[in-house]
Structure formats: C-alpha cells, structure tokens
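Coordinate analysis (summary)
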Amino acid sequence: MDFNFSEEQTMIRDSLARLLRDQYEFETRRKVSESESGWRPEMWQQFAELGLLAAPFSEEDGGLGGGALDSMVIMEEFGKALVVEPYIPTIVCAGGFLKHAGSPAQKEEHLTAIIGGERVFAFAYAEPRGRYDLADLETTAKKDGDGYVINGHKAVVIGAPWASHLIVTARTSGDRRDKDGISVFIVEKDAKGITTRDYPTVDGRRASEVYFENVSVPADALIGEEGKALPLIERVVDEATVAVCAEAMGAMGVAHQMTVEYSKQRKQFGVAIGKFQVLQHRMVDMFMEHEQSISMTYMATLKLDEDEETRKKAVSAAKVRIGQGGRFVGQEAVQIHGGMGMTDELAVGHYFKRLTMIDSEFGNVDHHMRRYTALTAEPVKMAAE
Amino acid sequence: MNLEFTPEEIEFRKEVRAFIEENYPQHLRGVGAREDLSKEYMLAWHQILGKKGWSVPAWPEKYGGTGWTPTQKYIWSEENARMDTIMPLPFGVSMVGPVIYTFGSEEMKAKHLPGIRDGSVWWCQGYSEPGAGSDLASLKTTAVRDGDHYVINGQKTWTTLAQHADWGFFLCRTDPNAAKPQEGISFILADMNTPGIEVKPIKTIDGGHEVNETWLTDVRVPVENLVGKENEGWTYAKFLLAHERSGIAGVARSKRGVEKLRQIASTEVLDGKPLIKDDDFIRKIGQLEIDLTALEFTELRTLASEAAGKGPGPESSILKVKGTEIQQRLTELTLEAVGHYGHPYFRGFPEDGSNEFPIGPDYAHQAAPTYFNMRKTSIYGGSNEIQRNIITKMILGL
Ligand SMILES: Cc1cc2nc3c(=O)[nH]c(=O)nc-3n(C[C@H](O)[C@H](O)[C@H](O)COP(=O)(O)OP(=O)(O)OC[C@H]3O[C@@H](n4cnc5c(N)ncnc54)[C@H](O)[C@@H]3O)c2cc1C
Ligand SMILES: Cc1cc2nc3c(=O)[nH]c(=O)nc-3n(C[C@H](O)[C@H](O)[C@H](O)COP(=O)(O)OP(=O)(O)OC[C@H]3O[C@@H](n4cnc5c(N)ncnc54)[C@H](O)[C@@H]3O)c2cc1C
C-alpha cells in the first residue's frame, strides 16, 4: 500500500498551484466568470503548456503516461481556486471516451487537438426528463445510409458555450430506459440542425440547452460499438464523478480553512468567535468531513480500473460521502461567517454554491445511495456455528 | 383541550378567504414575495389591507388592531399563505410600530402609526453594525445632543431593503461612559432623506440586492425623534426583538411550501415514475411535514399562553430555530427535486417574455437562488446559535 504521489504528480500539483495563485485569485475568477465569454481560452493554453491536458493520457496517445490520479491532483487544485474552465468535459469525458473506445483515426483527429489545447468539448448526456439515469434517453440517432440522423434535446450541457465539439449520447434502438440500444457520437457543435441556448449557471460557469433537429453525422462519428455504449458511458461518467469528487475535496478544504481563519479574527462579546465551543466543534466536524472526503476520493480513484461492480460501489460510496460532506461544510462555512457569509463579495459563499451544485452533478446522494445499495443488497447466510 | 374550529371561526375563514380572493391584486397573483420586486408591488397588499383595517391585526384595538383571537390570526396567516400574498413587511408593522405605541409619546404615535397602518411609509431597521452583530450591545454609532437635535455618526449594516425606506429606526450610543454597554443606548427614528444618510447596496450570494450598508455622517434629527427615554433604548430594542422572533416561525408559509414541493415532485420524473413515488424522496417530504406539524403545535401552544397574558418568552427561540431549519430544509429539497435545472441562473437574463425555447420548468428557476438566500434565516433575527444560548441561560439556567 502506498498513498504517496509520484514525482510527476507532485510537480504538476506544485506548478498548477503556483499558476492558480498568481493568475486565478478570487477577484480575477469573479471578473472572468462575469465577463461576456465567462472563461479564459488563454488560461486553457497555459494548462496545455503545463501538461495538464496531456497528464492522464498514455504516451502512445500523445500523453504523459498518467491516469486518473493525475486528474485527481489537478481537479483538487481546480476545486481550491473554483476554476471554471472545462477540464472534466474535455479531458475526463471526451478524453475518456476516446482513450477507452476511440478508433486510431478518431484519436488522431481529436486527442491530439485536445491535448494541444486547441479543441474543447462538452458532454451532452443529460435530458430534461432523464434525471441521473444515463439510459433514460429520448434523443435518437437513426441510421441513414452510412451515417446517422440525430434528434433530441440535451439539458444543462456544462461548458457547451465554449466547446467546438460535443460528445452526444443517443438511442439507436430500443425504448426509452432500455439498457441496450445506446450509442455515443462526436458531433461538431456548428453542425447543421443544432441550436443552442447559452446561459450562466448559479455557480459561475456556463451551460447550454442543446437542440438537435435532423442533425446528420457520418459513420465515423460513432465512438465504440453501435447500441452497446452504456457500459462505456457508465465507466466514463464514473471517472468524471471521481474527478468532481476531487474538485469538491479541494473546495471543502478551502471553505474549512477560510472559516477557521475568520473565526480567529472575528470578535464578538469581546472574544474571537472561534473561542465558542459550539463553533469549535462544528469546525472540527467540517475538518473531519474534509478528511473523510479525501479518503473516499483516493479510494474511488484507485478502484476505477477494477471490475465493474467494485468500481461502481467505490464511486457511488465516494459521491454519497462527498455530497453529504460538501453540504455540511458549505452550510456551516456560511453560518459561521454570519452575515458576511451571505455576501457575494466574500469568496466563501462561492465555495458554498459550488459545493451545493456538485451534489447534483453526475448523480446526487440519493442516486448513488440507490446504486450502492442495489449492488450490496444480496441477503447473506448466517455463518455456520 | 380540543382542536376543532368553532362555527364562528369557520365563518371567519370564509370571510377572509372571500376577501383575499376578491381583493388580492391580479397582477401580483403567482408572483410571490421576492426582494427584487418594486416598492409599489411590495406595498400594494399592505395598502389594501390598510383600507380594510386588517394591516396590523396584532396591535391593540385602540391603535388599529383587529382584536382577533390567536385562532383567527392563525386562520389569517393560512389564508394569506394559500394565495402566496406579499404581506406587509415586518419593519413597520411588527417592529417599530409596537415600540412606538408602547413607549412613544402621543405626538409620535399620531405622527407615525397612521403611515405604518396604511402602508404609505416604508421603515428599515438600523441595529447591526460591522462590529456589532450577535453582540448588538457593542454598537458604536453615536448620537450627541446639540440643542434640540441629535447628531448621529456611525455605520449600520445589513439594513434590509433600506434602498426603499422612508424612515429608519436606529440604535445609537448616547452615553459613552455608561457602566455597562447595554446602558447608554437610545432608540432614535430618522427620516431617511435627512442629509448625511447614505445607503450602499450589498449583493448577496443569490445575486440579489436585499441588504445595504447605511452610513450616517453628521445626521441631524430633532430630539422629538427619540423614542421613550434617553439611554433606555436597550429595553425597547429587546422588546422589539422578542416581537420579531415570534413571527419568524412561518408555519403557514412553510405548509404552502410543502404543498408546492409535492406538486414539483409529482411533475419531476425518476425511473419513469413521478419523483413523489420514490421512497427516498417521499420520506424526506414526510420527515419535513412531521417536523412542521411539531412546530405548528408548539406555536399554537405559545400563542395560547400569550393570549392568556404571558408575553413572548424565551420559548419563542424554539420557534425561531425550528422554523428557520424547516424553511431551509424546504428550499433544499426543492432544489434537490428540480435536478439538473437547478443550475441555470436567470437573474438579469432575458427569460421572461422571451420567445426562445424555455430553459427548464418555471418552478426550477428560483430553486437554487432561494436555497442560497434562505441560509440567512439561521443568521439574522438573532442567529440560531444565539437562540440556543438564550434557551441555555433563560430556560436551562446554565
Ligand atoms: C467504560 C469506561 C471505561 C473507562 N476506562 C478508563 C480507563 O481504563 N482508564 C481511565 O483512566 N479512565 C477510564 N474511564 C474514565 C473516562 O476517562 C472518564 O469517564 C472520562 O474522562 C470522562 O470523565 P467523567 O466521567 O468524570 O465525566 P465528566 O468529565 O464529568 O464529563 C461529563 C460530560 O461533560 C462533558 N465535558 C467535560 N468537560 C468538557 C469540556 N471541557 N467541554 C465540553 N464538554 C465537556 C463530557 O464530554 C461528558 O459528556 C472509563 C470510562 C468508561 C465509561
Ligand atoms: C439577509 C440579512 C438581513 C438582515 N437584516 C437586518 C436588518 O434589517 N437590520 C439589522 O439591524 N440587521 C440585519 N441583519 C443582521 C443580522 O441581525 C446579523 O447578521 C446577526 O445578528 C449576526 O451578526 P453577524 O452577521 O455580525 O455575525 P456574528 O455575530 O459575527 O456571528 C458569526 C457567527 O458566530 C456565531 N456566534 C456569535 N456569537 C456567538 C456566541 N456567543 N456563541 C456561539 N456562537 C456565536 C454566530 O451565530 C454566527 O454563526 C441581517 C442579516 C442578514 C444576513
């Protein structure tokens, strides 16, 4: 057993932390998030130069030979600085589909551009009525000659306003909610028949509603096997879930730290409020939630490449814990800051908002608790005397 | 002990319901209270109630109160909640009004009570300061006597909706040498148009403009604006806080909120079935409703003992703590219910009246901002930690 980071991972963490400290302080983040475009393509370039976009890909694929642990390190730092740029959609999701199931030609075409920072993706999987069920799809892709024609509506596609390409899940056969008959496509966002409605999100990012009306895509837009994509989608979404857990653990740590600092400085009744035991214990509980979140994120990251059942259990367990811990840490951070916690001016409220919204990304506590218990609800025999 | 309504009470409910249905302005229906509404919107119902004589039910009858029993007041809140009416703001009706009729001079009553009743004057509360939140008695704003004026200097903060206020009530230090910080504080009214008062917006995490900094620089107010006696302001301030707390449980509104949550959960889909059919989710609604029932009956018991002549006591801290926890939980479950559509942010966004495709269902649009905003309820009105400290001291005797 070894919980140490490799030299490369430590280097990535240090240089990324330095970059974010210098160029991503809270006021800059606010300005960027409120600007017309809502992100910084030049920051993305710097991420590329630091090797962040190459880190989790194998050397054959043009990467640095790392994996999910590298993404975890990166996402934790992103969580600390509330980074808005679309690392999960582009690197973890699009990158994940390509690395697990992309043909050599697809990798050649897309991975190189992704790693170079020239191409940004969004992951269009959620639908207005599907909630967190990845198989509950009303979007269809019908065979048409060699290619496909896509129709449907994808909801709250995070990062879509910045993307040139979309990964789209769609039904090629079967009924809504069937496990079979699901396929994954790479679609250019400016393809004929796509309309988008872009908007800001409550936690300072951007998203779109994406409508497909008779969008024709060629045969080689399909990633993996037609109609058999659900296990692939589940795997990539699990990887994305762990990445967002890592982001949450970064954000929780900062929210906790800020609260402890504030409680040392803020005086009421002639003493620092950190002297009140009821607040001390609450901050201790925040600390424990943060520590447990780190443990669960490590655990789930390390189990991503195990068999499907082990992976699903691990990821769901982590997301449940992170959902609960993030809620507690966010709410208490605001509460202990008093009125100041309610202000847009202070960063702490923005950590609270991000932590709140992370719960509903890639499945909330209830969703993952259901998945976890479904995998563990087998009755067991009483041990023989 | 019994829970039945008398025939008179049932009749009263009918009368009230009919009045609200006939008189609640059409353009406000379905709008709901929100801090970004215009002053006109927020005062409209107050003004109609003023004409009817129902704007200040809790006041003594000689000042315009309705003389309703606790049960009638309970029915009144329920019927208003049923229609999601935008009720009179508390600052005049529940806060400064009772202070003025209890401690103010006859001239002061004559001058200020009519405007509070009819909803023509908007009040704001100038208690908190940057350095004086939970420890309110440490406030530093000073009022110095100069002939027949007080000259006020200092900074108040978190002043709710002061951007619309015509008048404010301020706690100011008039005796800097008093033996205890609670002594030497006075309760002073000020016209918000007085030179030297400057109101600056504070943006909150939900993106709204609900609170303000209120700066006071050499603000001259006539000595008649002092309520009661100089240096006795703390007594009045505490009297007001007890009143503020007793209205804070918000039972009728939360019941209405649960009803709306049930509607949303009946519309949202999980695994091809309405979300309300999901065991996990319906249990959370059930838990919330059970907690709300407990609060409701605690409030009814409190009201009954108030009617029997006991003023709002430290028990009202229970109503504040439990009431706000329920309000927060309600908004949390609503956000959970709307799933992905909690993410879009609509403030200042051309959604209303837009011909483009709608972004998610209407009921989802305010779910996240409302949840964020409601975090305030365990902070203001004496934070929930302070309420627990009050129970610790006053009830447990620790
Ligand atoms: C089953 C059992 C086995 C034990 N075994 C051993 C042993 O092997 N060796 C040994 O030396 N002792 C042992 N103890 C004793 C144990 O260490 C004491 O019970 C413990 O230190 C608490 O002291 P107390 O019982 O006097 O409770 P008190 O100290 O009187 O505490 C009463 C309550 O007040 C709380 N409290 C006290 N101080 C504070 C504070 N500053 N802030 C907040 N809350 C506070 C406590 O948490 C507790 O809830 C054992 C006790 C038990 C129950
Ligand atoms: C949206 C909003 C609207 C408001 N409207 C008004 C208004 O109109 N007029 C007005 O005058 N004020 C208003 N307030 C101010 C409100 O009353 C204060 O925010 C409140 O009293 C808390 O003070 P504070 O913000 O300075 O927090 P602090 O007092 O600094 O408290 C910070 C934290 O420490 C805790 N704490 C403090 N003392 C203790 C203790 N002894 N034991 C344990 N814990 C403690 C608190 O509970 C809190 O969690 C409003 C506040 C908000 C958020």
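For clarity, every value in this text was computed on a predicted model and none was experimentally measured. (Residues numbered from 1 in each chain as written. Chains lettered and ligands numbered in written order. Predicted model: local features only at pLDDT ≥ 70, side-chain atom pairs only at ≥ 80, totals over all residues. Heavy atoms only, no water.)

1. Structural notes on the overall build of chain A
- When you go through chain A residue by residue, the secondary structure sums to eleven helices and ten strands.
- Per-residue burial for chain A yields a buried fraction of 60% across its 385 residues.
- Long-range pairs, those at least 24 residues apart, make up 73% of the contacts in chain A with a sequence separation of at least 6.
- Accessible surface for chain A amounts to roughly 16000 Å². Of this, 51% is attributable to carbon and sulfur atoms.
- Charged side chains of chain A number 44 positive and 60 negative; the gap between the two group centres comes to 6 Å. (Helix = DSSP H or I, 4+ residues; strand = E, 2+ residues; numbered from the N terminus. Buried < 20%, exposed > 50% of the residue type's maximum accessible area, 1.4 Å probe, protein only. Contact = heavy atoms within 4.5 Å. Areas by Shrake-Rupley, 256 points an atom, 1.4 Å probe, with all protein chains shown as cover. Lys, Arg positive; Asp, Glu negative; His and termini not counted. Charge placed at Lys NZ, Arg CZ, Asp CG, Glu CD.)

2. A short note on the domain arrangement of chain A
Residue and element names in this part refer to chain A.
- For chain A, the assigned domains read domain 1 (7–119), domain 2 (123–227) and domain 3 (231–374).
- Centre-to-centre separation of domain 1 and domain 3, based on C-alpha positions: 22 Å.
- At the interface, 20 residues of domain 1 touch 27 residues of domain 3.
- Overall, the association of domain 1 and domain 3 removes approximately 2000 Å² of surface from exposure, summing both partners, and the carbon and sulfur fraction of that is 75%.
- A salt bridge links D344 to R30, with the shortest nitrogen-to-oxygen separation between them at 2.6 Å.
- Applying the counting criterion to the domain 1 and domain 3 interface returns four residue pairs in polar contact (both at pLDDT 80 or more). (Domains from an automatic or database assignment. Buried area = accessible area lost by both parts, 1.4 Å probe. Salt bridge = Lys/Arg side-chain N within 4 Å of Asp/Glu carboxyl O. Polar contact = N/O pair within 3.5 Å; in protein donor to acceptor, adjacent residues only side chain to side chain.)

3. Description of the environment of G193 of chain A
Residues and elements named next belong to chain A.
- Tracing the sequence through the fold places G193 in the loop between β5 (182–188) and β6 (194–200).
- Sequence separation between G193 and I150 is 43 residues; the distance between their C-alpha atoms is 9.0 Å.
- Beyond its immediate sequence surroundings of up to four residues, G193 is in contact with Y211, F212, E213 and V215.

4. Some remarks on the domain arrangement of chain B
Residues and elements named next belong to chain B.
- When the domains of chain B are assigned, the result is domain 1 (7–88), domain 2 (123–232) and domain 3 (247–394).
- A C-alpha centroid distance of 21 Å is found between domain 1 and domain 3.
- At the junction of the two partners, domain 1 supplies 13 residues and domain 3 supplies eleven residues.
- Both faces combined, the contact of domain 1 with domain 3 buries some 970 Å², and carbon together with sulfur accounts for 50% of it.
- Scanning the region where domain 1 abuts domain 3 turns up three salt bridges.
- Put simply, R256 and D84 hold a salt bridge, and the shortest N to O gap is 3.2 Å.
- Between the two partners, domain 1 and domain 3, sit eight residue pairs in polar contact (both at pLDDT 80 or more).

5. Section: the pairing of strand β4 (residues 167–173) of chain B
Residue and element names in this part refer to chain B.
- Counting buried residues in β4 gives seven out of seven residues, a clear majority hidden from the surface.
- Inspection of the sheet shows β4 paired to strand β5 (residues 185–191) by seven bridges, in the antiparallel sense. Its bridge partner being in β5, W167 is matched across the sheet by D191. (Pairing = 2+ DSSP bridges.)

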